[in-house]
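Spelled out from the first residue to the last, the chains are:
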Amino acid sequence: MAIMHLTKDNFDSVTSSGLVLVDFWATWCGPCRMVAPIIDQLEEEYAGKIKVGKVNVDEQGELAARFGVMSIPTLIVFKNGEVAAKTVGVQPKQAVLDMLK
Amino acid sequence: MSANFDILIVGGGPAGISAALTAVNRGKTVGVIANPPETSKLYLAESVTNYPGMEGSGAEIMQKMRSQLENSSAAIIPGKALSVMSLGKTVGVAVGNDFYEARSVIIATGISRRPLCEGETKFLGRGVSYCATCDGMLYKGKKVAVLGEGEEAEKDIAFLRDIGCEVSVFSGRGKIEILGDKKADTLVVNGETVKTDCIFILKETLSAESLVNGIESERGIIKVGRSGKTNINGVFAAGDCTGAPYQLAKAVGEGNIAALAAVDYISKL
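Residues numbered from 1 in each chain as written. Chains lettered and ligands numbered in written order. Predicted model: local features only at pLDDT ≥ 70, side-chain atom pairs only at ≥ 80, totals over all residues. Heavy atoms only, no water.

### Quick notes on the packing of helix α2 (residues 30–45) of chain A against helix α4 (residues 93–100) of chain A
Residue and element names in this part refer to chain A.
Link 1 in the chain: Axis separation between α2 and α4 bottoms out at 10 Å; the angle between their running directions is 50°. Classed by the angle they form, the pair α2 and α4 counts as oblique. Once α2 is placed against α4, the crossing between them reads as right-handed. Contacts between α2 and α4 involve Ile38, Gln41, Leu42 and Glu45 from the former and Lys93, Val96 and Leu97 from the latter.
Link 2 in the chain: When grouped by side-chain class, the residues that make up the contact of α2 with α4 number 4 nonpolar, 1 polar and 2 charged. (Axes fitted to C-alpha atoms, helices over the stretch in contact; angles between N-to-C directions. Helix = DSSP H or I, 4+ residues; strand = E, 2+ residues; numbered from the N terminus. Parallel < 35°, antiparallel > 145°, perpendicular 65-115°, else oblique. Left-handed = near helix turned anticlockwise from the far one by under 90°. Contact = heavy atoms within 4.5 Å. Nonpolar A, V, L, I, M, F, W, Y, C, P; charged D, E, K, R; others polar.)

Here's what the structure looks like:
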């Protein structure tokens, strides 16, 4: 399992079941890039238990608007298709783990 | 990731410079993220008479200190630090589009000269942003307002205009209110009302709480223990950002102490 790049075409099918962590980011956003290795680590450590996806808000403006992403980085946790948690701004690893509980 | 340092210092004022010079003396690789010297509070001092060994205007003293930094092996990184976070064994500092990693970070960001606007904290992340390059693209082609002045603010204003935003510019001084419901949508500046999709408040430096997620602080003042230690592993603080007295000698002293503590911390990693 690896990090999935989510688009408006595959978003719903990926997030419809299970626990999914979605990272809304952009290439010009330094803080987003700083958080990326932490997201990668979580994907490796919890492979099988959670799915991890990334949404490039520059390419997927519709998805960003759909979930009210007004500032990046934004992390949203989906549980069986429903938004279960959302954080805006840089979060340390423990805070992300807390979101997944 | 752009580069790795032993010690990364956020802030190029007297505390940051003192920390950098001390760390360089100890053979460490040092980076200093700094705004232009004119933005330092010291620069505004008309005359400094209680700093041993140096007398003159704040601007003259600031220039001297800056020259010393420039002549050292420390790398000066222009720009504004946007976020500081522990990445496990290292500490990451995001600046602009990228980020740096260091074994230890010293926060020497000084004090904010500008009080918070009404509604600023409430709507941060919901129509209020501190970073045009981070969030600007989410408001491509929309109506935005910028509160800020100076060289960096001008660059951000140009960036926003380039991506098609309709930008209303204000200095950030005066009576300011940010209003809205689920998100901020109205800005009132000295009686003038503007509808906005996003309000970019561009300060020279982010407050401690915004910059370092989870740092123990009170009303913008970072809580430090002995030797400038903060509650975050590997992160130290020095100078005006740790509170009163807001004096040059105190800032320089704390910069030296924090650097030595950071060097010690690194040796035990």
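### Examining the sheet that holds strand β13 (residues 198–201) of chain B
Residue and element names in this part refer to chain B.
Link 1 in the chain: Read from one edge to the other, the open sheet built from 4 strands follows the order β7-β13-β8-β9, with strand pairing classed as parallel. Edge positions in the sheet fall to β7 (128–129) and β9 (166–170), since each has one partner strand and no second.
Link 2 in the chain: Across 2 bridges, β7 lies against β13 in parallel orientation. Looking across to β13, one finds that Val128 is bridged to Ile199.
Link 3 in the chain: Seen against the sheet, helix α4 (residues 151–162) touches β8 (143–147), β9 and β13 and runs at an angle of roughly 160° to β9. (Pairing = 2+ DSSP bridges.)

### Points about the interface of chain B and chain A
Link 1 in the chain: Facing the 25 residues of chain B at the interface are 20 residues of chain A.
Link 2 in the chain: Both faces combined, the contact of chain B with chain A buries some 1800 Å², and carbon together with sulfur accounts for 65% of it.
Link 3 in the chain: Of all residues in chain B, Met85(B), Asn97(B) and Leu138(B) bury the most surface against chain A, accounting for 30% of the area lost on that side.
Link 4 in the chain: The tally of links between chain B and chain A comes to 1 salt bridge.
Link 5 in the chain: Among the ionic pairs, Lys140(B) bridges to Asp58(A), the shortest N-O distance being 4.0 Å.
Link 6 in the chain: Where chain B touches chain A, the interface holds 9 residue pairs in polar contact (both at pLDDT 80 or more).
Link 7 in the chain: Looking at the side of chain B that touches chain A, the elements with two or more residues in it are β4 (81–86), β5 (91–95), β6 (98–107) and α3 (132–135) of chain B.
Link 8 in the chain: Looking at the side of chain B that touches chain A, the element that brings in the most residues is β4(B), giving 5 residues.
Link 9 in the chain: For the side of chain B that touches chain A, a count of residues per class yields 11 nonpolar, 9 polar and 5 charged. (Buried area = accessible area lost by both parts, 1.4 Å probe. Salt bridge = Lys/Arg side-chain N within 4 Å of Asp/Glu carboxyl O. Polar contact = N/O pair within 3.5 Å; in protein donor to acceptor, adjacent residues only side chain to side chain.)

### Thoughts on the sheet that holds strand β10 (residues 176–180) of chain B
Residues and elements named next belong to chain B.
Link 1 in the chain: With antiparallel pairing, 3 strands are arranged side by side in an open sheet as β10-β11-β12. In this open sheet, the two strands that pair with only one neighbour each are β10 and β12 (192–195). Sheet twist, expressed as the mean angle between neighbouring strand axes with direction ignored, is 20°.
Link 2 in the chain: Pairing of strand β11 (residues 184–189) with β12, which is carried by 4 bridges, proceeds in the antiparallel orientation. Across the sheet, residue Leu187 finds its bridge partner in β12, namely Val194.

### Overview of the pattern of salt bridges
All names here are of chain A.
Link 1 in the chain: Overall, the coordinates contain 16 salt bridges over all chains when judged by the stated rule.
Link 2 in the chain: A salt bridge links Lys93 to Glu45, with the shortest nitrogen-to-oxygen separation between them at 2.8 Å. One end of the pair, Lys93, is in helix α4; the other, Glu45, is in helix α2, and 48 residues separate them in sequence.
Link 3 in the chain: Residue class for Lys93 comes out partly exposed when judged on its relative accessible area of 24%. (Buried < 20%, exposed > 50% of the residue type's maximum accessible area, 1.4 Å probe, protein only.)

### Section: the environment of Leu100(A)
Residues and elements named next belong to chain A.
Link 1 in the chain: In this structure, Leu100 sits in helix α4.
Link 2 in the chain: Here Leu100 falls in the buried class, since its relative accessible area comes to 10%.
Link 3 in the chain: The contacts of Leu100, once residues within four sequence positions are left out, are Leu19, Leu21, Ile50 and Val77.

### Thoughts on helix α1 (residues 14–25) of chain B
Residue and element names in this part refer to chain B.
Link 1 in the chain: With 12 residues, α1 should reach 16 Å at 1.5 Å per residue; the first-to-last C-alpha distance of 16 Å fits that figure.
Link 2 in the chain: Burial of α1 is extensive: 9 of the 12 residues sit out of reach of the surface.
Link 3 in the chain: Every buried residue of α1 is listed here: Pro14, Ala15, Gly16, Ile17, Ser18, Ala19, Ala20, Thr22 and Ala23.
Link 4 in the chain: Close packing links the buried residues of α1 with β1 (4–10), β2 (30–34), α2 (58–70), β6 and α6 (248–267).
Link 5 in the chain: Immediately beyond the C-terminal end of α1, within one or two residues, lies Gly27, with a positive phi of roughly 75°. (Expected span 1.5 Å × (residues − 1).)

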